[in-house]
Amino acid sequence: MGEGRPGVAATLRALNGALGRPAALWLKESGARNLRHRDFLAPRAALSAAFPGGQVPPEAVSAVPSLQGPAVLPLRVCWQTPAGLAVQVRRPEAFQRLLGPLPGPPPPAAGVRTGCVVLHCPALRSPAALRPRHLRSILLADHLAQLLRAQGVGVRLVPALTEERSWDVLRQLRIYWPSGSGGSSLTDAVSALRAALGRCPCAAACEQAPGTAEGVICKVHLKSFVEQQGLLGYDPNLDVLLVTEGTLQSLAELQEAVLQCPVSDPTAPPAPRFPRSTCCSIVHVVNCEEEFQQQQLDVLWRILDPGAHTVLQKHLVCGPVKVTNPSSPIGADQYFQLRKHQMYEASVIKYGELAQDEAWTEVIDTLTVAAIRFEMLSTAHRSQITLDLENNSISTKGTKSGAFVMYNCARLATLFNTFQQAVERGTYPPLPPVSELNFSCLREEGEWLLLFNYILPFPEVLQQAAELPPPSKGIRITANTETVCKFLIQLSMDFSSYYNRVHILGEPFPHLFDQMFARLQLLGAVRDVFHSALATLNLPPLSQI
């Protein structure tokens, strides 16, 4: 048997390799109905395209169950079916290998840099009060930062929050964004940019004619530069930009963030003021209303600093946030308070007087944050979000909400607290080590569903959610920022179905302990998945609800 934690991708690679074809023929099953009979399938249509008459050589089929590898699931049998070539896993052994401690990302090798990403969120420079559309890009950047850090990637967040205004709503939403004034290094960076602007052939003096904004330093012709460089993906209306001190300040903050990214070789000389090479990539996380202004800043930075890092700029654009029937424009703080009031009312309806106790204040705050984060992040970032603020769309009952996810996380906490109290009373013995558990007791289909669809692929889910693929054309990128929320919602639905159907803590009879302990070990791993996924959303697990 291969050692190490099995993974979906490694198992699929081994299965494809066993058939001797370069094409990806195999699929992982996920539906409960199909998982009753098989775990992987090479569909008939794919086999017909890869083999004459769709007939796989018998020796290839017979070799599949003997596949081994450090991250390959133990396979039991491979056989031909009307749907294609099917494989079933040796399930007790898979439980044994997967239900140890949940591993984190492997530590990087000595001297190897894992990379650095600068996440730039222009919404935090908005001179007006923050609105829900601003919150969407801020929450997305905050979530993406946690996902990248979980993969060992260095992250710098820009801009720093200033002390001139209140950021209470960010603290209430558990957004931990850096703050500071920048100091002398930022002043030097602005001076260097101003000097570069003076040497720039695209820049021209700007006379203070009537109607010209105050504080304008000069004007820069962006369109000619875009055309000369053959840059793709920019708005055709980019033309002349009036550069202000604020513009240079924004660029200087970005420049400083790039300089603070770690270098790959610790012995390398310090980077110059405008480094010519870096593995740091810059992602501008913007709402669609800010996209044009950010493209202007992008091109100006390319003009003033034609280094490798400015070429690596990417734009992750959020779709619009539509608020239905607002009596007046609603601010982010009003939005938070409204959702908090609705969550309080929903909790009183469900839990009665308990929800009015002071101890519930923190619970309701956490449920509110979860509700808003899932409302903003469970939709693909390119798509529009519609906020219905008139009706109480935030509920403790709906299966698609953050509150539902937190409720099921709290159910797990209650289960293990109850078990631990029973152990202390002497009702049950303590949970034995994993090596002593009998996982052949786990025969309920919901148990394999939880392991195969959630515990097994979870590290790969986090990895895929953190991927920032290069733009196929132009400067826009697409990220799977909705992945974790959708994963947690589906996990909560399947866990809830299983938990409502199966009695975990049974009568204290020794002949029932094997099954109870195996189930507790399984649900302990489910709990770990919940906690790790919620951490990428800056959400603490609830111990009660």
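Residues numbered from 1 in each chain as written. Predicted model: local features only at pLDDT ≥ 70, side-chain atom pairs only at ≥ 80, totals over all residues. Heavy atoms only, no water.

Naming follows an unreviewed UniProt entry, where the protein appears as DALD3 protein of Chaetops frenatus.

A. Focus on the pairing of strand β3 (residues 75-81). Where β3 and strand β4 (residues 84-89) come together, 6 bridges link them in antiparallel fashion. Within β4, the position partnered with Thr81 by the bridge is Gly84. The antiparallel hairpin formed by β3 and β4 contains 2 residues in its connecting segment. (Pairing = 2+ DSSP bridges. Helix = DSSP H or I, 4+ residues; strand = E, 2+ residues; numbered from the N terminus.)

B. The arrangement of the pairing of strand β5 (residues 116-120) in detail. Where burial is concerned, most of β5 is hidden: 5 out of the 5 residues are buried. The alternating pattern of β5 places Cys116, Val118 and His120 on one face and Val117 and Leu119 on the opposite face, and all of these are buried. Pairing of β5 with strand β6 (residues 154-158), which is carried by 5 bridges, proceeds in the parallel orientation. Note on β6: the bridge partner recorded for Val118 is Arg156. Tracing the backbone out of β5, into helix α6 (residues 132-150) and back to the parallel element β6 gives a crossover that is right-handed. (Buried < 20%, exposed > 50% of the residue type's maximum accessible area, 1.4 Å probe, protein only. Right-handed = clockwise from strand over helix to strand, strands pointing away.)

C. A look at the confidence of the model for the protein. This prediction gives the protein a mean pLDDT of 87; 88% of its residues lie at or above 70. Note on residues 106-113: pLDDT is under 50 here. Beyond four places in sequence and across chains, it has 7 contacts. Overall, residues 264-278 carries pLDDT values under 50, and its contacts beyond four positions in sequence, including any with other chains, amount to 28 contacts. (pLDDT = per-residue confidence, 0-100. Contact = heavy atoms within 4.5 Å.)

D. Geometry of the packing of helix α13 (residues 332-351) against helix α14 (residues 360-377). As a packed pair, α13 and α14 sit with axes 9 Å apart at the nearest point and diverge in direction by 120 degrees. With respect to α14, the axis of α13 lies oblique. In this structure, the crossing between α13 and α14 has a hand that is right-handed. Between α13 and α14, the residues in contact are Tyr335, Phe336, Arg339, Lys340, Met343, Tyr344, Ser347 and Tyr351 and Trp360, Ile364, Asp365, Leu367, Thr368, Val369, Ala371, Ile372, Glu375 and Met376, respectively. Partitioning the contact of α13 with α14 into residue classes produces 12 nonpolar, 2 polar and 4 charged. (Axes fitted to C-alpha atoms, helices over the stretch in contact; angles between N-to-C directions. Parallel < 35°, antiparallel > 145°, perpendicular 65-115°, else oblique. Left-handed = near helix turned anticlockwise from the far one by under 90°. Nonpolar A, V, L, I, M, F, W, Y, C, P; charged D, E, K, R; others polar.)

E. How the structure looks around the packing of aromatic side chains. Enumeration over the complete set of coordinates arrives at 12 aromatic pairs. Here Tyr428 and Phe513 contribute two aromatic rings whose centre-to-centre distance is 6.1 Å and whose plane-to-plane angle is 85 degrees, an arrangement assigned as edge-to-face. Taken together, the residues span a long stretch of sequence, with Tyr428 in the loop between α15 (402-425) and α16 (445-455) and Phe513 in helix α19 (residues 510-535) at a distance of 85 residues. Exposure class is identical for Tyr428 and Phe513. Each is buried. Here the aromatic rings of Phe495 and Phe530 are separated by 6.4 Å at their centres, their planes lie at 80 degrees, and the arrangement is edge-to-face. In this pair, Phe495 is assigned in helix α18 (residues 483-501) and Phe530 in helix α19, connecting sequence segments 35 residues apart. Side by side, Phe495 and Phe530 carry an identical accessibility label, which is buried. Ring pairing ties together the aromatic residues Phe40, Phe95, Phe439, Trp448 and Phe452, which thus form one cluster. (Phe/Tyr/Trp six-rings, centres within 6.5 Å; stacked < 30°, edge-to-face > 60°.)

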